[in-house]
Amino acid sequence: MESPPASPVKTSGLAEEDDNVKNMVVIDPVTRIEGHAKITIALDDSGQVSDCRFHVTEFRGFEEFCKGRPVWEMPSLTARTCGICPVSHLLASAKAGDAVMGVKIPDTAVKLRRIVNLGQIIQSHALSFFHLSAPDLLLGWDSDPAARNVFGLMAEEPELARRGIMLRSFGQGVIESIAGRKVHSPGILPGGIAEPMTQETRERLQEGLVEARRTAEDALVLFTGMLDMFKREVQAFGSFPSYYLGLSNDDGLWEHYDGYLKMVDADGNVAATGVAPFDYRTIIGEAGRRDSYLKSPYFKPAVAPADDPLKGIYRVGPLARLNVCERMGAPAADEALVEYRERAGGIASSSFFYHYARLIEILGATERMAMHLADDTVVGPHVRARAGVNERHVVGVSEAPRGTLFHEYQVDDHGVLTDMNMIIATGQNNLPMNETVLQIAKEWIDGPDIPEGILNRIEAGIRAYDPCLSCSTHAIGQMPLVVSLLAPDGEVLSEVRRG
Amino acid sequence: MRSSPKSGVANSLVVGYGNDLRGDDRAGRLVASLIEETDLPGVHVLSQSQLTPEISLEIAKVDLVVFVDASVETATLDISAVGPGVAGPTTMSHHADPATLLRLARDLGKMPNEAYVVSIPASNLDLGFNLSPKTARAVDEAVGAIVELVRGS
């Protein structure tokens, strides 16, 4: 493990109890993200932004709910954590199940799981880009909010909107073809996959890939053509030094399913690599914050005891994966990655580039899927290993569209869960989202009057991460629940605390 | 409220949605699975945790679409006609609704002739698999009503 970045990470943050807060602007709820959240912006006496907080106000409690359930049920159960990226939970959970059994699953099953995950990345990124973010990018941050949505996009760019829907549908179709259902698929199991892929399915997916790839390429051309119009956003939408985490492999290729953990610093230097998923706690710490159910993971080697976790701030997801990998391992995506790095000046440190990275990942996913489907063993008959309980403490990791996903289970001799921890991508981006909101607010807000377009930019800063908050809440019984009664000037009148 | 269905609809889509780990919230998906078991000709069934934009592609293929969801805002089974909705800035998070999808389907080229929302009364949305008695009764009632709708009787 190497040293943390030379460039210090900014450690500003709203004090837990700030008596100086006189004015607050609250955006509640944040629109066009999954789940529920609240942003609080604190202004000082002169009306300038002093600090911001991004709060998660929805509580799920899945970690407690899953205790006492058999590990074999976990893929199906944890997939219910989310209706947008259930396959990611299926994969991480199934991999944890593989580890409980102590088996190496058949190669064909590995390929099919990879294809499913690529389909998941395509469909999720398509939703994020074409439906949630493209209205801002194409119609303008200050355009009529009533039309700044997919219908406005349909009116202005009907073909683009239609192809975005088709692309997402293709990704969903990939999932359904292999895993049996688009949402909460039952076909991914500890030990492998429930059913082999048929030749007919293989050919159908190959056929669909042609249009999917074309859409990805066209979207990239569109986005890069617009990028120069967003210089201010590139500078102010979460442009700060941080660490970046992703799965990696010995070939340095973009990794989304297997391998080991790799962390690079703000300058692209390796901060940690070769870390087995089971050892994730050696590099990741988890801090709780009183104003949100969202955990705040941080890069542990960068944070001394009693230090601010912000010193270990790291990002996950498309931006991080492209900073962690050396190459995409796919010709067109590799070409796009070269241009991406030229535009970013090397390591991409602006969260605005999440959009760009997402499009390159869609393109790379179509190419990598084509490679898997071209391999005749993808329709092989052996797709599942079977065994009993051989390990009692395991970790399963995969790359969800939004970033690295961890499932840690402890089971008894019968495979019943006695303890569980999930670290999801949106949680890992919690600290960066806070920093992003603060940066945008400081850039655009000047005084108490905030035009709608500025509010939209603040929300868009969060949407760049494509957060999925429904996955990411604390375990029940561990959350610090605080109910505060505040006077108009911010004074705390009373407070009830639990946990 | 109950709208009178038109007759002779054969090409239909039933979309049941909700969280099947959240007590009564699974009612819509349960109805979807029960409708699927009836194996009615010309009836396509989707079971979803939430409504997402690509469902509009399926809606654009049918003459009748029925959305089935649990609702804490109704005390009895409610079947209402629904049309394409006016979008707001919050569109297309997990709050996408039937009206939104119908408008997308229309913009994609085709709107079904008929569209209904079946709302099943719900009271318990805690983590768990069990339906409350009132919701369980409404599920059975909803299945019968939807079969009647798609048969056009």
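Residues numbered from 1 in each chain as written. Chains lettered and ligands numbered in written order. Predicted model: local features only at pLDDT ≥ 70, side-chain atom pairs only at ≥ 80, totals over all residues. Heavy atoms only, no water.

Novice: Lay out unusual backbone geometry with the relevant residues and their values.
Specialist: Phi at Ala306 of chain A is positive, roughly 75°, even though this residue is not glycine. Looking at the secondary structure, you find Ala306 of chain A in the loop between strand E10 (296-299) and strand E11 (314-315). By relative accessible area, which is 88% here, Ala306 of chain A ends up exposed. For Asp39 of chain B, which is not a glycine, the phi torsion comes out positive at approximately 55°. Mapped onto the fold, Asp39 of chain B is located in the loop between helix H1 (27-38) and strand E2 (43-48). Among the residues examined, Asp39 of chain B registers a relative accessible area of 66% and is labelled exposed. (Helix = DSSP H or I, 4+ residues; strand = E, 2+ residues; numbered from the N terminus. Buried < 20%, exposed > 50% of the residue type's maximum accessible area, 1.4 Å probe, protein only.)

Novice: Kindly report on the pattern of salt bridges, identifying the contributing residues and their values.
Specialist: Residue and element names in this part refer to chain A. Per the stated rule, a full pass over the model turns up 29 salt bridges over all chains. Two residues, Arg214 and Glu211, come together in a salt bridge whose shortest N-O distance is 3.0 Å. Within this pair, Arg214 and its partner Glu211 are both found in helix H7 (residues 199-226), separated by 3 residues, close to a single helical turn. With relative accessibility at 31%, the residue Glu211 sits in the partly exposed group. One salt-bridge network, in which partners are shared between bridges, spans Arg163, Glu211, Arg214 and Asp218. (Salt bridge = Lys/Arg side-chain N within 4 Å of Asp/Glu carboxyl O.)

Novice: Kindly report on the sheet that holds strand E1 (residues 12-17) of chain B, identifying the contributing residues and their values.
Specialist: Residue and element names in this part refer to chain B. With respect to topology, 5 strands assemble into an open sheet ordered E2-E1-E3-E5-E4, the strand pairing being mixed. Among the strands making up the open sheet, the edge pair consists of E2 and strand E4 (78-81). Across the sheet, the mean angle separating the axes of adjacent strands is 20° when strand polarity is ignored. Looking at chain direction, E1 and E2 are connected through 6 bridges and run parallel. Each bridged residue has a counterpart across the sheet, and for Ser12 the counterpart in E2 is Val43. Across the sheet, helix H3 (residues 98-108) is in contact with E1, strand E3 (64-71) and strand E5 (114-121); its angle to E3 comes to roughly 160°. (Pairing = 2+ DSSP bridges. Axes fitted to C-alpha atoms, helices over the stretch in contact; angles between N-to-C directions. Contact = heavy atoms within 4.5 Å.)

Novice: Describe in detail the pairing of strand E8 (residues 270-275) of chain A, supporting the description with residues and values.
Specialist: Residue and element names in this part refer to chain A. In terms of strand pairing, strand E7 (residues 260-264) meets E8 through 3 bridges, oriented antiparallel. Across the sheet, the residue bridging to Val264 is Val270, located in E8. Following E7, the chain reverses through 5 residues before pairing antiparallel with E8; Gly268 in that reversal takes a positive phi of roughly 90°.

Novice: Describe in detail the nonpolar core, supporting the description with residues and values.
Specialist: Ranked by size, the top nonpolar core spans 144 residues in total, and within it Tyr340 of chain A together with Phe67 of chain B carry the most contacts. When residues of this core are assigned to their parent elements, the largest contribution, 13 residues, is made by helix H4 (residues 107-139) of chain A. The residues touching Tyr340 of chain A, leaving out its near neighbours within four places in the chain, are Leu319, Leu322, Ala348, Phe353, Tyr356, Ala357 and Ile360 of chain A. Counting 27 residues, the second-largest nonpolar core is a separate cluster that includes Val14, Leu64, Tyr116 and Ala138 of chain B. (Core = buried A, V, L, I, M, F, W, Y, C linked by side-chain atoms within 4.5 Å.)

Novice: Quick one: what's the story with H3 of chain B, residue by residue and with numbers?
Specialist: Counting buried positions along H3 of chain B yields 8 of 11 residues, so the element is predominantly enclosed. Within H3 of chain B, burial applies to Pro98, Ala99, Thr100, Leu101, Leu102, Arg103, Leu104 and Ala105 of chain B. In this fold, the buried residues of H3 of chain B make contact with helix H5 (150-156) and helix H6 (158-179) of chain A together with E1, helix H2 (55-59), E3 and E5 of chain B. Count one or two residues on from H3 of chain B and you reach Gly109 of chain B, which has phi positive near 130°.

Novice: If you had to explain the confidence of the model for chain B to someone new, which residues and values would you point to?
Specialist: Residues and elements named next belong to chain B. Taken over all residues, the pLDDT of chain B has a mean of 84, while the share at 70 or more is 86%. Per-element mean pLDDT across chain B ranges from 88 in H3 up to 96 in E4. Low pLDDT, under 50, characterises residues 1-9; the stretch is placed with 26 contacts to residues that sit more than four places away or in other chains. Confidence drops under pLDDT 50 across residues 87-94; counting only partners more than four residues distant or on other chains, this segment forms 31 contacts. The ipTM value of the predicted complex is 0.74, and its pTM value is 0.84. (pLDDT = per-residue confidence, 0-100.)

Novice: Could you give an account of the pairing of E3 of chain B, with specific residues and numbers?
Specialist: Residues and elements named next belong to chain B. Burial of E3 is extensive: 8 of the 8 residues sit out of reach of the surface. Alternating residues of E3 divide into Leu64, Val66, Val68 and Ala70 and Val65, Phe67, Asp69 and Ser71, and every residue in both groups is buried. Inspection of the sheet shows E1 paired to E3 by 5 bridges, in the parallel sense. Following the sheet pairing, Gly16 is matched in E3 by Val68. One ladder, built from 8 bridges, connects E3 with E5; its direction is parallel. Within the sheet, the bridge partner assigned to Ser71 lies in E5 and is Pro121.

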